[in-house]
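Overview (structure and organization)
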Amino acid sequence: EAVSAIGFAGPVNLLISALIGIISDGGSASCSNHIGRKNTKMIHANFSVAVWSGLAIGFVFSMLCLLAAPTIAYLLGARGTTADLTSEYLRGLGVGFLPMTLVQILIFYMRLNNGKIHTVVCALVMTVVNIVLDIVFATKLNMGMYGMGLATSLSFIGAIVVCFINIFGKGSIYKLVLPKN
């Protein structure tokens, strides 16, 4: 039933990935044009719109999963014990949708900022943290499906550190700016 719960939660992850993919793919492609033209103002604006949009999407999905996980599980077709497990997993994921969306966007922008090695390190950090926390949360702390989702969420927080080193480090082409009217 636990594996089924992860499967039932899959469409939520796919929907977020699709929305963030549109922003990160389109945004980074547009940004590369601005980089080629050395248009610093547009580089900052493009990067900022992608980040703020991703954070907004992450916030909405976090709130939905934290506040309405049982309803979402039901709408996804989960019933009985599987619905309960799906709800737990969605709540664990909901804790981390902000960092999840942010990492997915920043990875695309890091490639334009000479961050190829950072993308590999980012993926390694996410993987190792997720595996270690899955084991700890499931076997040592008995946190169930919530712990599995939380492990995934926390792995993205670790990855943000790697992203920030590239994105906001010395020599970065990016600057996060607030949207203007």
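Structural notes, computed from the coordinates.

Rules behind the numbers
Residues numbered from 1 in each chain as written. Predicted model: local features only at pLDDT ≥ 70, side-chain atom pairs only at ≥ 80, totals over all residues. Heavy atoms only, no water. Helix = DSSP H or I, 4+ residues; strand = E, 2+ residues; numbered from the N terminus. Rg over C-alpha atoms; globule rule 2.2 N^0.38 Å. Buried < 20%, exposed > 50% of the residue type's maximum accessible area, 1.4 Å probe, protein only. Contact = heavy atoms within 4.5 Å. Areas by Shrake-Rupley, 256 points an atom, 1.4 Å probe, with all protein chains shown as cover. Lys, Arg positive; Asp, Glu negative; His and termini not counted. Charge placed at Lys NZ, Arg CZ, Asp CG, Glu CD. Disulfide = S-S within 2.5 Å.

1. Observations concerning the overall build of the protein
Along the protein, the regular secondary structure elements total six helices and zero strands. Beginning at the N terminus, the succession of helices and strands in the protein can be written as α-α-α-α-α-α. Compactness check: the protein gives a C-alpha radius of gyration of 18 Å against a globular reference of 16 Å for 181 residues, within 12% of the reference. With respect to the three principal axes, the spread of C-alpha positions in the protein is 55 × 35 × 20 Å. Within the span of the protein, comprising 181 residues, buried residues form 42% of the whole. Of the contacts formed within the protein by residues at least 6 apart in sequence, a portion of 80% connects residues at least 24 apart. Roughly 9,400 Å² of accessible area belongs to the protein as shown, and the carbon and sulfur atoms make up 69% of that amount. Put simply, the protein has 11 plus and 5 minus side-chain charges, and the middle of one group is 27 Å from the middle of the other.

2. Let's talk about the state of the cysteines
Summed over all chains, the structure comprises zero disulfides. Distance from the sulfur of Cys31, which forms no disulfide, to the nearest cysteine sulfur (Cys163) is 15 Å. Note on Cys31: relative accessible area 0%, which makes it buried.

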